[in-house]
Amino acid sequence: MGVAACYHVSRAGASVLGLEQFAIPHERGSHGGQSRIIRQAYFEHPDYVPLLKRAYHNWQQLEHRAATHVYHPTGLLYAAPPGHFLISGTQTSAARYNVALQTLAPSERHVRFPAFQLPHHYDVLVEPEAGLLLPHRCLSAYKEQALLAGAVIKEHQRVWGWQKKGNEVVVTTAQGEYRCRTLVITAGAWAGQVLPSLASSLRVTRQVIAWVQPQKPALFQLGSFPCWLIAHPALPGSFYGFPVLPHEKVGGPAGLKIAYHHPGRVVEADEPDRGDTQSDVDVLMDALNTYLPLGCGQLLTVKTCLYTSTPDEHFVIDFLPDMNHQVVVAAGFSGHGFKFVSVVGEVLSDLALQKKTDLPIGFLGLSRLARAGTP
Ligand SMILES: Cc1cc2nc3c(=O)[nH]c(=O)nc-3n(C[C@H](O)[C@H](O)[C@H](O)COP(=O)(O)OP(=O)(O)OC[C@H]3O[C@@H](n4cnc5c(N)ncnc54)[C@H](O)[C@@H]3O)c2cc1C
């Protein structure tokens, strides 16, 4: 979120300094791990759809400016037992905002997607215009384009604290102090450290991702196999996965990636050893065996990544109260924020420079956390 904000602020002609404790990109926060799903028929809440339409537009613009490909249109298969919110929420958002969505009858499923073994009674939808983003390429492109537009980005520089002093905000790092008119805080899993007043509303969890060598690789390649989201009757959340992508140096191997979208074990953001992953991997392999048996082969790699979740799992994008509109916060992306990076960067730039935005973010305000009894 931060590097996209640097890009938009610098493109708007203002001066901006970005501070990152590691490198951009890296594998210790929330954006690591090769791929991210992007979709528009948003089951989480229809209010996200207008932001997603703008996000798609902004990703295309980034691809054009940086002459790179960050997005692959794979389509997305949704499957769930009857009456599940994954299906009804997706249908509600699609109907309200005219997002293309297909319903697959049982007889069509095997013909179109032979790799899946779905219980006959499950509801199955396909969102043809959904796909995947390559997060390392997205962030590298934003960094490169922000620098070209005049941004200053300092990596390996950790922010220790900040304070409003008179008309300025003073930010302290190990290397020194910086003074600015407006501070934008996009600290991911570290947000509670930089914003102690939000700490009790943000839960950091460890998420486990696995890559396996499919038994029949031809069925799972980019170009023929879709991204997917499947709800299991006995478990909250959903399993999801991606086609096999070519090996990239950073991000993951050329295997079939599977993960579980549900907050995992609570951890500290700075915990370098995120503990034993075997029981999480067992759950992933069980799901693979159930729904994609021909994908279930040798385990290639396991990685961990961090979610930072709010109590209602909706984002927080707002001004911090009592700071004269000089401190903006974007946090609590609750495991579904990456697809929005391109629009959140624009929103943050609007809030920092114009103190308002025309993009519809009213439902993501801080006050709802206060109403829920947290700061
Ligand atoms: C396993 C997994 C799968 C996911 N799948 C999807 C998906 O399919 N689709 C989707 O849309 N979203 C997905 N997400 C969610 C998405 O990746 C996150 O919501 C998004 O990356 C959050 O962005 P962020 O900028 O808040 O955090 P980050 O990307 O972690 O960025 C925060 C940055 O702030 C830096 N920082 C923190 N504190 C300091 C400090 N004090 N000083 C300097 N720098 C600091 C950190 O080092 C970090 O680089 C997934 C997340 C995970 C973990």
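The rules behind the values
Residues numbered from 1 in each chain as written. Predicted model: local features only at pLDDT ≥ 70, side-chain atom pairs only at ≥ 80, totals over all residues. Heavy atoms only, no water. Helix = DSSP H or I, 4+ residues; strand = E, 2+ residues; numbered from the N terminus. Rg over C-alpha atoms; globule rule 2.2 N^0.38 Å. Buried < 20%, exposed > 50% of the residue type's maximum accessible area, 1.4 Å probe, protein only. Contact = heavy atoms within 4.5 Å. Areas by Shrake-Rupley, 256 points an atom, 1.4 Å probe, with all protein chains shown as cover. Lys, Arg positive; Asp, Glu negative; His and termini not counted. Charge placed at Lys NZ, Arg CZ, Asp CG, Glu CD. Near = heavy atom within 4 Å. Polar contact = N/O pair within 3.5 Å; in protein donor to acceptor, adjacent residues only side chain to side chain. Phe/Tyr/Trp six-rings, centres within 6.5 Å; stacked < 30°, edge-to-face > 60°. Expected span 1.5 Å × (residues − 1). Salt bridge = Lys/Arg side-chain N within 4 Å of Asp/Glu carboxyl O.

*Asks:* Looking at this structure, I do not really get the overall build of the protein chain. What am I missing?
*Replies:* Of the regular secondary structure elements, the protein chain holds nine helices and 20 strands. For a compact globule of 375 residues, the expected C-alpha radius of gyration is about 21 Å, and the protein chain comes in at 21 Å, within 12% of that figure. The C-alpha extent of the protein chain, read off along each of the three principal axes, is 65 × 45 × 40 Å. For the protein chain, with 375 residues in total, the buried portion stands at 54%. Of the contacts formed within the protein chain by residues at least 6 apart in sequence, a portion of 74% connects residues at least 24 apart. Accessible area for the protein chain stands at about 16000 Å²; split by element, carbon and sulfur atoms hold 53% of it. Looking at the protein chain, you have 31 positive and 29 negative side-chain charges, and the mean spots of the two groups are 4 Å apart.

*Asks:* So what exactly am I meant to see when it comes to the site of the ligand here?
*Replies:* Around the ligand, 31 residues are found, and the nearest of them are Glu20, His26, His31, Cys305 and Lys339. Gln21 places a polar side-chain atom, nitrogen or oxygen, 2.9 Å from an oxygen atom of the ligand. At 2.7 Å from an oxygen atom of the ligand is found a side-chain nitrogen or oxygen belonging to Lys339. When the ligand sits alone it has 1000 Å² of accessible area, and the protein chains cover 94% of it.

*Asks:* Would you explain unusual backbone geometry in this entry?
*Replies:* Ile24 connects to Pro25 through a cis peptide bond whose omega is -5°. The phi dihedral of Asn324 falls on the positive side, at around 60°, and the residue is not glycine. Judged by relative accessible area, Asn324 falls into the exposed class, the value being 56%. The residue Lys355 is not glycine, and still its phi comes out positive at about 65°. Look at Lys355 and you get partly exposed, because its relative accessible area is 30%.

*Asks:* Is there a simple way to explain the packing of aromatic side chains in this structure?
*Replies:* To describe a pair of aromatic rings, one takes the distance between the centres and the angle between the planes. Per the counting criterion, the structure on display carries 20 aromatic pairs. Look at Phe116 and Trp228: their rings are 6.3 Å apart centre to centre, the planes differ by 80°, and that puts the pair in the edge-to-face class. Linking Phe116 in the loop between helix H4 (106-112) and strand S6 (123-127) with Trp228 in strand S14 (residues 227-230), this pair joins segments that are 112 residues apart in sequence. Trp228 carries the same exposure label as Phe116, and that label is buried.

*Asks:* Looking at this structure, how should I read helix H2 (residues 49-66)?
*Replies:* One turn of the α-helix equals 3.6 residues, which is why residues spaced by three or four share an orientation. With 18 residues, H2 should cover 26 Å at 1.5 Å per step; its first-to-last C-alpha distance of 26 Å lies within 8% of that length. Buried within H2 are the following residues: Val49, Leu51, Leu52, Ala55, Tyr56, Asn58, Trp59, Leu62, Glu63 and Ala66. Directly beyond the C-terminal end of H2, a positive phi value near 50° is found at Ala67.

*Asks:* What's the story with the pattern of salt bridges in this structure? I'm lost.
*Replies:* Pairs can form between side chains of opposite charge once their charged atoms are near each other. In the structure shown here, the tally under the stated rule is nine salt bridges. The partner of Glu177 in a salt bridge is Arg179, and the shortest N-O contact between them spans 3.9 Å. The partly exposed category is assigned to Glu177, whose relative accessible area is 48%. A salt bridge links Arg206 to Asp280; the nearest nitrogen and oxygen atoms lie 2.7 Å apart. On the criterion of sequence distance, the pair formed by Arg206 in strand S13 (residues 203-212) and Asp280 in helix H7 (residues 278-291) is long-range, its members being 74 residues apart.

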